[in-house]
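# Per-entry structural report
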Amino acid sequence: MNSELIVGIIATVVVLVLALLVLFGLGDFLISGYNTASAEKKARYNLPRLRVVTSLSVIAITASVWVCMLLKVSEIVIVAVTLVWVAIMFILDKFYVKK
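Residues numbered from 1 in each chain as written. Predicted model: local features only at pLDDT ≥ 70, side-chain atom pairs only at ≥ 80, totals over all residues. Heavy atoms only, no water.

Secondary structure summary: the protein contains four helices and zero strands in total. When the helices and strands of the protein are read in sequence order from the N terminus, they spell out α-α-α-α. When the backbone C-alpha atoms are referred to their principal axes, the protein occupies close to 50 × 25 × 20 Å. Taking all 99 residues of the protein together, 22% fall into the buried category. By sequence separation, contacts in the protein at least 24 residues apart represent 59% of the contacts at least 6 residues apart. Within the protein, the 5 negative side-chain charges are centred at a point lying 11 Å from the centre of the 9 positive side-chain charges. (Helix = DSSP H or I, 4+ residues; strand = E, 2+ residues; numbered from the N terminus. Buried < 20%, exposed > 50% of the residue type's maximum accessible area, 1.4 Å probe, protein only. Contact = heavy atoms within 4.5 Å. Lys, Arg positive; Asp, Glu negative; His and termini not counted. Charge placed at Lys NZ, Arg CZ, Asp CG, Glu CD.)

Structural data, given as structure tokens:
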């Protein structure tokens, strides 16, 4: 096994553990923007839905990067796929997460 693959596996495990912490409510401090928002702004969001969207987005981006890496596509494709997932996350934020 080469060193790049080992580093990739370790990074993936760390990211997946963090995503699961967020999903189960133990990592709300990891949600960017939410952790520093005022109580008034936090009240605008459905926290369980925010956890699901954040976790699934992280998992989807991680899986996409692995698929692209295993298929040996160019870095521009990885960036494009990641941007698509980020756009989906923004759409879900506007229509699914907000109260």
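Residues other than glycine seldom take positive phi values, yet lysine 72 does so here, at roughly 60 degrees. Checked against the element boundaries, lysine 72 lands in the loop between α3 (47-70) and α4 (75-97).

Bringing the nonpolar core into the picture now. Of all hydrophobic cores here, the largest spans seven residues; its members are Val22, Ile31, Tyr34, Leu47, Leu50, Val53 and Val97. What leucine 47 contacts, discounting residues up to four positions off in sequence, is Asp28 and Tyr34. (Core = buried A, V, L, I, M, F, W, Y, C linked by side-chain atoms within 4.5 Å.)

For the rest of this paragraph, the subject is the confidence of the model for the protein. Averaged over all residues, the pLDDT of the protein equals 88, while 99% of them reach at least 70. Per-element confidence in the protein is highest for helix α2 (residues 39-42), whose mean pLDDT is 91, and lowest for α4, whose mean pLDDT is 87. (pLDDT = per-residue confidence, 0-100.)

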